[in-house]
Every structure is written in structure tokens, then in C-alpha cells.
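Chain and residue survey
So you can see what is in the structure, the chains are spelled out below.
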Amino acid sequence: MVNLPSHPPGDNFTALVEIERAGEVLTFTLNNPKRGNEVTGAMFDAILAELRAEAVQPRARVLRIRARGSVFCTGRERAAREADAIRAEAARLIEFKRMVRTGALISVAEVQGDAFGFGMGLAVVCDFALVSERASLCFPEMRNGLPPTAIMAYLGEYALPRHAFPLVLFGEPFTPARALEMGLISQVCSPETLSSEVDALVGRILRLDADAARRCKEFFLKAQNHNFDQNCNLALDALTQGTLAVLARKK
């Protein structure tokens, strides 16, 4: 395991993950290209510390995840060998995905290269995933006899089961165009325009009313877990509260 230097949340530093704040944008840049931008335990710890600090004292509105080098992310470190350590390692992974998906920040994955396993799962769980047309994508875990359950926990919410199950069962590579067709990503970009497309998307998000954007994401996630009648009741409360908030701003 590679140790990262200790740092206060929000500070810039050059290591295996770079954490930067610019205005209302929090950026994580994976910087482990010699190992395919594999996410180590120390990288998880640094990222989670930042997300927990953000949850306690919100400062950002957008989370941007990107990587240096020719690949986005080809997986995560699996250092544990005993049951308790393996469980703790898996819990850290799942906590990260849960915080990205359910947190108030609107998340954007900037996938400039290959995304395998955890890397592809991370792109899917973000609110937006913009992917270079040259990237190769796959869920290869079954090649090592390990069903990718952390990915399957939510994959079916993005792609129909007839499309999603073969991806995880066989672990064969697929193209960004195919991922877009299945609903796993948001947009396919040329390598030359990827960063500018993400810049434009981030700009669009920041032009929205901050509180309304937060409530929009919150309600969108809730609605996926309830039936129609429950969603109608939730919508009634949300519309009332949202309208009062708009009226208060006009005073």
C-alpha cells in the first residue's frame, strides 16, 4: 500500500490522487497511471475524508472525477487477505459509491481512457459520465471467479437486465457507443473535446439555482425507490416546500 501524505481537506497535493477545490467544484484526479490508475486503500481514505468533510460543511456543488494518463481507471487495490480486512476493504468501496450517488454534489465522471471493473462502476454511479470514444469499457471480475456484486447492486437501474447481465457474466469489453445505447453513460466525446464538454456541463450545473438542484437530485433518487402513489405524496410535499422557497427568494 502506498501512503499518502496527511493533508487538511481541500488542499491541493500531488500524489496518487489530487484533490482540488475551485470555486464550487470539487475535483478528484486519479494520478496512479503506472498501475492503470488503480485506486489504492490510501486513495480511498483521502477521497472519503474529503467527502465526509463536505457532508459536514458543504462548500461545493459539483464533484468532478477524472484521471491522468492514457487510462481512466482499471480497478481497485485488493490488499486484504483475512475475512475482517476483506470486509472492511469492501465496506470502504461501497461507502464511496454511496456517497457519490446519494450525496448532494452533482457528480461528473470525465472518462478519458479505458475503464474496467471499479473504474467503469464509478463512471456509472456518477450523475453524468462523459466518455472518450477511444475508451474500452468492461466489467472483468468474473474472469477471476469473482461476481462483481458491488456493481450489480445498481447496474440494473441504468440498463435493462437483458443488456446488463451479459456484461457482468462474461466480462467482455464493450464500446462507449454501446454503453450510451444501454444507458450506462451520458455522452460519447472525441478525445480532443472531452474536457471542454465536461467544462460546459459543469457550467450548466452551476448556473442552476443551488438549492433547487440539490432538491432535484434528492427527489429523483427517492422516486426510484418508491411506487407511483408514494411518489405522488412525496411530490405534493416537495412542490409545496419548493414553491415556498421560490416565493421567499422573490421577496
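Source: prediction; values computed, not measured.

**Regarding the overall build of the protein chain**
Assigned secondary structure in the protein chain consists of 9 helices and 9 strands. A sequence separation of at least 24 residues applies to 67% of the contacts in the protein chain between residues at least 6 apart.

**Some thoughts on the side chain of Glu-77**
When you line up the elements, Glu-77 lands in the loop between β4 (71-73) and α2 (83-102). Buried and unpaired, Glu-77 has Arg-35 as its nearest opposite-charge partner, separated by 4.7 Å. Within the local environment of Glu-77, its side chain forms a polar contact with the backbone nitrogen of Gly-41, the two atoms lying 2.9 Å apart.

**With respect to the nonpolar core**
Counting 50 residues, the largest nonpolar core has Phe-96, Met-120, Phe-174 and Leu-184 as its most contacted members. Among residues more than four places away in sequence, those in contact with Met-120 are Ala-115, Leu-137, Cys-138, Phe-139, Phe-174, Leu-184 and Ile-185. If you look at the next biggest cluster of nonpolar residues, it comprises 12 residues, including Val-108, Leu-130, Ile-205 and Ala-213.

**Some words on the sheet that holds strand β6 (residues 114-116)**
One open sheet accounts for 3 strands, arranged β4-β6-β8; its pairing is parallel. Bordering the open sheet on either side are β4 and β8 (137-138), each of which pairs with just one other strand. Of the pairings in the sheet, the one linking β4 to β6 comprises 2 bridges and is parallel in character. For Cys-73, the partnering residue across the bridge sits in β6 and is Ala-115.

**Structural notes on unusual backbone geometry**
A positive phi is found at Asn-37, a non-glycine position, where the angle reads about 55 degrees. Within the secondary structure layout, Asn-37 lies in the loop between β2 (25-30) and α1 (41-56).

**Focus on the sheet that holds β2**
Ordered by their spatial adjacency, 6 strands build an open sheet running β1-β2-β3-β5-β7-β9, and the pairing between neighbours is mixed. Either end of the sheet is taken by a strand with one partner, and the two such strands are β1 (17-22) and β9 (187-189). Each strand of the sheet is rotated relative to its neighbour by a mean of 20 degrees, with strand direction disregarded. For strand β5 (residues 106-111) and strand β7 (residues 128-132), the ladder comprises 4 bridges, and the chain directions are parallel. Note that in β7 the partner of Glu-110 across the bridge is Leu-130.

**Remarks on the packing of aromatic side chains**
This model, assessed by the stated rule, comprises 5 aromatic pairs. Arranged with centres 5.4 Å apart and planes meeting at 70 degrees, the rings of Phe-44 and Phe-118 form a pair that is edge-to-face. You can see Phe-44 sitting in helix α1 and its partner Phe-118 sitting in helix α3 (residues 118-125), a full 74 residues away along the chain. Here Phe-44 matches Phe-118 in class, with each residue buried. With centroids separated by 6.0 Å and ring planes inclined at 40 degrees, the aromatic side chains of Phe-139 and Phe-174 adopt a geometry described as tilted. In this pair, Phe-139 sits in the loop between β8 and α4 (149-155) while Phe-174 sits in the loop between α5 (161-170) and α6 (176-182), placing the two residues 35 residues apart along the sequence. Like Phe-174, Phe-139 is buried. Each member of the aromatic cluster is reached from another via a ring pair, and the members are Phe-44, Phe-96 and Phe-118.

**Remarks on the pattern of salt bridges**
A side chain of one charge can pair with a side chain of the opposite charge if their charged atoms are brought near each other. Tallied over the entire structure, the rule returns 18 salt bridges. Note that Arg-76 and Glu-89 form a salt bridge whose closest N and O atoms lie 3.8 Å from each other. Of the two residues, Arg-76 sits in the loop between β4 and α2 while Glu-89 sits in helix α2, which places them 13 residues apart along the sequence. Across the pair, Glu-89 and Arg-76 agree in class, each one buried. Beyond isolated ion pairs, a larger network of salt bridges with shared partners links Asp-211, Arg-214, Arg-215, Glu-218 and Lys-222.

What counts as what
- Residues numbered from 1 in each chain as written.
- Predicted model: local features only at pLDDT ≥ 70, side-chain atom pairs only at ≥ 80, totals over all residues.
- Heavy atoms only, no water.
- Helix = DSSP H or I, 4+ residues; strand = E, 2+ residues; numbered from the N terminus.
- Contact = heavy atoms within 4.5 Å.
- Buried < 20%, exposed > 50% of the residue type's maximum accessible area, 1.4 Å probe, protein only.
- Lys, Arg positive; Asp, Glu negative; His and termini not counted.
- Salt bridge = Lys/Arg side-chain N within 4 Å of Asp/Glu carboxyl O.
- Polar contact = N/O pair within 3.5 Å; in protein donor to acceptor, adjacent residues only side chain to side chain.
- Core = buried A, V, L, I, M, F, W, Y, C linked by side-chain atoms within 4.5 Å.
- Pairing = 2+ DSSP bridges.
- Axes fitted to C-alpha atoms, helices over the stretch in contact; angles between N-to-C directions.
- Phe/Tyr/Trp six-rings, centres within 6.5 Å; stacked < 30°, edge-to-face > 60°.

Treat this as a map of the structure, not an account of what it does.
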